[in-house]
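Topology and contacts: notes
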Amino acid sequence: MKETVLLTGPPLNGRDEYTKEALRLAKNENFQYYHVFDYLKEIGREKGVKITRKNVLDFAISHPDLMNTIRDEAFKRIRDEIDRSDKSFHLVSTPALFRWGSGSVLGFTLSNLKLLKPSRVIIVLDDILSVRRRTIHDKEWFERFGRNKENIKLTTLVMWREDAINHVKTLVHELNKEGIQVRYVLHFGIRHPYQTFIDLIFHENKKPLIYLSYPMTGHEEEYYHRVRKFYKKLSKHFAVLDPGALDDWWIVAEYDAQVEENPEIQRIKIKNIFDGEEIEELDREDIEQATDILRRQLVERDFNLVDVSKAIAVYHYAQGVSAGVISEMAEAYRTLGAIYLYYPFKKRPSPFMEFYGMQNPSRRTMFTDEDEMIQAMVEEKEYWTKA
């Protein structure tokens, strides 16, 4: 049986680079990959139009009817290739939406998705500061911003993400209304290991999706080392979604710390913890405006990861109750996901945490041994994967 998966998201979030490397490692899997931009260039040449990364936005805004025709033909050709293929998995990659100046360019329309009929949509995302750095190091895009880093505002990049997610949500809602069922839309951070992406796409039956919930802020490195080790253990049996794979919170935390130290500060220094030791100086007002949106996106993203997961594994190696963890457990309870709680302390936690923690087939309130919890999840997965 064939399955079509749409890989999309905002521009400059590393979608194609990440996907291509993951698929290179998955060379033994039965799939075909379709990069929509390659089809746009080919069809453009046939119509006497040269489409490049540098001119595609201006061309699409100035010649919308012709661009729509080219895009529609691209999706038709992809659909035809899928129908003729003997491959099981068909991965189609394209941005969701470009917004530039006073205009916008759609990566796909409702009619394109009705033709494609994706069963899953994966919105591929990177943290906002990495997107900014990627924009600076991209020749064509940096030129669009006047070759001036100060013109690349975090607020702009956050709104790119917002626009892409809303575009996808709107069209998927319409697809489902028309009887074309998209099983889920997933906000996927590219800091996940490549194997997680491979398991997510190809091994869903063998390694079901689960969410790893844990207190994320205010801990020593040894704590995060334990979390990473636990993630690796879980990943032997499941495709594990990690909220830390898309982490904008450290930008907010760094801003809060510097403003508290100096309320008059106007330039905030932030080190990119993912891509090296380079320090960026950012405008305070820009961070403040972006932060309001980032805080909401963080909650929406974590709830999205919980909602698409069959179970959540709570790794609460901290005695203080995390509001975020409790909220994620409540969301899993609302969506009927199984909940497993690791809490290795003698002092009993919140009764709400205990209540949510027993929402699993064995009704175990909590585990004090992490390996025992993983074993219980493995033994019981046939029950909660059917829910």
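Only a predicted model underlies this, so the values are computations on that prediction, with no experimental measurement involved.

Further remarks concern the packing of aromatic side chains. The tally for this structure, following the rule as stated, stands at 20 aromatic pairs. Ring centres of Phe238 and Trp384 lie 5.7 Å apart, and the angle between their planes is 40 degrees; on these two criteria the pair is classed as tilted. Of the two residues, Phe238 is situated in the loop between α10 (221-235) and β9 (239-241) and Trp384 in helix α15 (residues 370-384); the sequence distance between them amounts to 146 residues. Look at Phe238 and you get buried, because its relative accessible area is 1%.

This paragraph deals with the packing of helix α8 (residues 154-177) against helix α12 (residues 284-308). Between α8 and α12, the least distance of the axes is 8 Å, while the angle of their chain directions is 25 degrees. Judged by the angle between their axes, α8 and α12 are roughly parallel. Crossing hand, α8 versus α12: left-handed. Along the contact surface, α8 presents Leu154, Thr155, Val158, Met159, Arg161 and Glu162, while α12 presents Asp286, Ile287, Gln289, Ala290, Ile293, Leu294, Arg296 and Gln297.

Our focus in this paragraph is unusual backbone geometry. The phi dihedral of Arg147 falls on the positive side, at around 55 degrees, and the residue is not glycine. In this structure Arg147 comes out as exposed when scored by relative accessible area, which is 52%. With phi around 65 degrees, Leu336 is a residue other than glycine that occupies positive phi space. In this fold, Leu336 is placed in the loop between α13 (323-334) and β13 (338-342). On the basis of relative accessibility, which here comes to 67%, the residue Leu336 falls in the exposed class.

Moving on: the nonpolar core. Ranked by internal contacts, the top residues of the largest apolar core, which has 65 residues, are Ile51, Ile78, Val92, Phe108, Leu116, Val168 and Ile270. Ranked by residues supplied to this core, first place goes to α8 with ten residues. Beyond its immediate stretch of four places on either side in the chain, Val92 contacts Thr4, Val5, Leu6, Leu7, Tyr34, Val36, Ile78, Ile82 and Leu116. In terms of nonpolar packing, the next biggest core, distinct from the first, is built from 40 residues, Tyr184, Phe202, Val325 and Ile326 among them.

Running from N to C, helix α6 (residues 128-136) and α8 cross one another at 110 degrees; their axes reach a closest spacing of 10 Å. Here α6 lies roughly perpendicular to α8, going by the angle between them. On the side of α6, the interface is formed by Ile128, Val131, Arg132 and Thr135, while α8 contributes Leu154, Leu157, Val158 and Arg161. When the residues that make up the contact of α6 with α8 are grouped by side-chain class, the tally is five nonpolar, one polar and two charged.

What follows deals with the side chain of Thr94. Within the fold, Thr94 resides in the loop between β3 (89-93) and β4 (97-100). Ignoring sequence-local partners within four residues, the contact set of Thr94 consists of Leu6, Leu7, Thr8, Gly9, Arg15, Val36, Phe75, Gly107 and Phe108.

Below, the discussion takes up the pairing of strand β6 (residues 120-125). The element β6 is largely enclosed, with a buried count of six among its six residues. The alternating pattern of β6 places Arg120, Ile122 and Val124 and Val121, Ile123 and Leu125 on opposite faces, both of which are buried. Summarising the sheet, strand β1 (residues 3-8) and β6 pair through four bridges and their orientation is parallel. For Leu6, the partnering residue across the bridge sits in β6 and is Val121.

Across the sheet, which stays open at both edges, the five strands sit in the order β2-β3-β1-β6-β7 with parallel pairing between neighbours. The sheet is open, and its two edges are formed by β2 (31-35) and β7 (184-189), each paired on a single side. Within this sheet the neighbouring strands show an average axis-to-axis angle of 20 degrees, counted without direction. As judged from the five bridges shared by β1 and β3, these two strands associate in the parallel manner. Bridge pairing in β3 places Thr4 opposite His90. Each of β1, β2, β3, β6 and β7 touches helix α1 (residues 15-25); the most contacted strand, β2, lies at about 160 degrees to it. Strands β2 and β3 of the sheet are contacted by helix α2 (residues 36-46), whose axis makes an angle of about 55 degrees with β2.

Rules used in this analysis
Residues numbered from 1 in each chain as written. Predicted model: local features only at pLDDT ≥ 70, side-chain atom pairs only at ≥ 80, totals over all residues. Heavy atoms only, no water. Phe/Tyr/Trp six-rings, centres within 6.5 Å; stacked < 30°, edge-to-face > 60°. Helix = DSSP H or I, 4+ residues; strand = E, 2+ residues; numbered from the N terminus. Buried < 20%, exposed > 50% of the residue type's maximum accessible area, 1.4 Å probe, protein only. Axes fitted to C-alpha atoms, helices over the stretch in contact; angles between N-to-C directions. Parallel < 35°, antiparallel > 145°, perpendicular 65-115°, else oblique. Left-handed = near helix turned anticlockwise from the far one by under 90°. Contact = heavy atoms within 4.5 Å. Core = buried A, V, L, I, M, F, W, Y, C linked by side-chain atoms within 4.5 Å. Nonpolar A, V, L, I, M, F, W, Y, C, P; charged D, E, K, R; others polar. Pairing = 2+ DSSP bridges.

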